[in-house]
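Structural overview
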Amino acid sequence: MFPRTKTRAGFTLIELLVVIAIIAVLIGLLLPAVQKVREAAARTKCANNLKQLGLAVHAYHDGFNQIPPNAKTINYNWARDSTVAGPNTWTWIARILPYVEQGALANQYNIPNGTLGQAQAGIATIIPVLLCPSDGTETSNPATDWANIPGISLGLTNYKGCSGSNWGFNTSSTFTTAFPVADLSLGPSPGIAEDGLDHGNGIFYRTDGNRRLTLTGITDGTSNTFMIGEDLHSLDQHCGGWAYPNYVNSTCAIPLNYADPGHTYTNWPNRYSFHSNHPNGANFCFADGTVRFVNDSINIDTYRALATIHGGEVINAY
């Protein structure tokens, strides 16, 4: 009697390679789906952030009977801007802090009643509701690489107020832009008709503290008017410091997601606008508080019409 020889079952090399190949194919099919789900979640979170900001603007309006204003004056120099009295500076975002669960921050640093200088430590605060989860390109937050106030730490925001559709004139001097747009209802051109920086025809611009705006002043209709949109500091040096009035507003004269040739980070005349990392467009909060995704292929005339508060334009479906 001889013992039986036991054979051990196993994969051949070819079978193992086939299994590995099948797994690789499945992973290749799965990854895009996972990425789509992740982006869908990020886009939804971004829309929720904008919804909260829109509700906060409305809550401020209910309490003060006006849209939260930006500054009355900007010096574009930290030594001077840091000493301006609170009522004459700050941003619409700073004024709604108590309505986005940041009342403790506002109280601790006397925002917006104190000066920017007195609140220098506070303005570097990173506020989660101001950040889009799809913006993963920022290397530092707070940032210090600002155009007018370099070296000062400011917490970033991906959400900026809509200053309107006019663009191309900078108070005392003209600047070169690919998208000069005049609003002749504001005055003769060239002049404030093109001055989207300080005489915008939208809800927010950097020195709109010199004007009192209420919801009834949005005669184009709150459901047809942009209030807040997305932007990326990585594309625009004038984007993102939530406490500084020159960094929290954008024009719709420049097309959505436009990147000027050469992708020049500091070329603000062609970049003081709205950008997003969401594929094919960006989220916008309208003046009635609703949030909608706007495709970056939107007709430019429609896009600009949605940015004005009293243009009287007829807006087709978009």
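Small disclaimer: the values here were computed from a predicted structure and weren't measured.

The next thing to look at is the nonpolar core. In this structure, Ile203, Ile228 and Trp242 are the most contacted members of the largest nonpolar core, which totals 48 residues. Elements that contribute at least two residues to this core include exactly helix 1 (13–64), helix 3 (92–95), helix 4 (103–108) and strand 4 (226–230). By residue number, the principal contributor to this core is helix 1, which donates six residues. Setting aside residues up to four positions removed in sequence, Ile203 forms contacts with Ile67, Cys162, Asp208, Arg211, Leu213, Ile218, Thr225, Phe226, Met227, Ala287 and Ile309. Core analysis: the next-biggest nonpolar cluster, separate from the first, contains 13 residues, Cys162, Cys252, Leu256 and Phe286 among them.

A complete count under the given rule lists one cavity of 30 Å³ or more for this structure. Of the pockets and cavities examined, the largest cavity occupies roughly 30 Å³. Lining of the largest cavity is provided by Gln66, Ile67, Pro68, Pro69, Ile203, Phe204, Asp208, Arg211 and Leu213. Within the lining of the largest cavity, the residues separate by chemical class into six nonpolar, one polar and two charged.

Bringing the packing of aromatic side chains into the picture now. One pass over the structure, following the stated rule, counts 13 aromatic pairs. When the ring of Trp146 is compared with that of Tyr247, the centres are 4.7 Å apart and the planes differ by 20°; the resulting orientation is stacked. You can see Trp146 sitting in the loop between helix 4 and strand 1 (159–164) and its partner Tyr247 sitting in the loop between strand 4 and strand 5 (249–251), a full 101 residues away along the chain. The two residues Trp146 and Tyr247 agree in class, both being buried. Arranged with centres 5.4 Å apart and planes meeting at 20°, the rings of Trp167 and Tyr272 form a pair that is stacked. Of the two residues, Trp167 sits in the loop between strand 1 and strand 2 (169–170) while Tyr272 sits in the loop between strand 5 and strand 6 (281–286), which places them 105 residues apart along the sequence. Through a chain of ring-to-ring contacts, the aromatic side chains of Phe226, Phe274, Phe284, Phe286 and Tyr303 assemble into a single cluster.

Burial runs high along strand 6: six of the six residues are buried. Pairing geometry for strand 4 and strand 6, over three bridges, is antiparallel. Pairing of Ile228 across the sheet is with Cys285, part of strand 6. By the bridge criterion, five bridges tie strand 6 to strand 7 (residues 291–295) in an arrangement that is antiparallel. Looking at strand 7, one finds that Cys285 is bridged to Val291. From the end of strand 6 to the start of strand 7, which pair antiparallel, there are four residues, and Gly289 there has a positive phi angle of about 95°.

Quantified by volume, the largest pocket comes out at close to 210 Å³. Along the wall of the largest pocket there are 13 residues; nearest its centre are Tyr60, Gln66, Pro69, Pro87 and Arg95. In terms of residue class, the lining of the largest pocket is made up of five nonpolar, four polar and four charged.

Here we come to the environment of Val181. As for its placement among the helices and strands, Val181 is situated in the loop between strand 3 (173–174) and strand 4. With relative accessibility at 14%, the residue Val181 sits in the buried group. Each C-alpha atom of the pair Val181 and Gly196 lies 8.8 Å from the other, and the pair is 15 residues apart in sequence. Those residues within four positions of Val181 in sequence are excluded, and the remaining contacts are Ser165, Asn166, Trp167, Ala193, Glu194, Ala253 and Arg304.

Analysis parameters
- Residues numbered from 1 in each chain as written.
- Predicted model: local features only at pLDDT ≥ 70, side-chain atom pairs only at ≥ 80, totals over all residues.
- Heavy atoms only, no water.
- Core = buried A, V, L, I, M, F, W, Y, C linked by side-chain atoms within 4.5 Å.
- Buried < 20%, exposed > 50% of the residue type's maximum accessible area, 1.4 Å probe, protein only.
- Helix = DSSP H or I, 4+ residues; strand = E, 2+ residues; numbered from the N terminus.
- Contact = heavy atoms within 4.5 Å.
- 1 Å grid on protein atoms, 1.4 Å probe; cavity = no way out; pocket = protein on both sides within 12 Å on 5 of 7 lines; lining within 4 Å.
- Points joined across faces, edges and corners; volume = space filled by probe spheres on them.
- Nonpolar A, V, L, I, M, F, W, Y, C, P; charged D, E, K, R; others polar.
- Phe/Tyr/Trp six-rings, centres within 6.5 Å; stacked < 30°, edge-to-face > 60°.
- Pairing = 2+ DSSP bridges.

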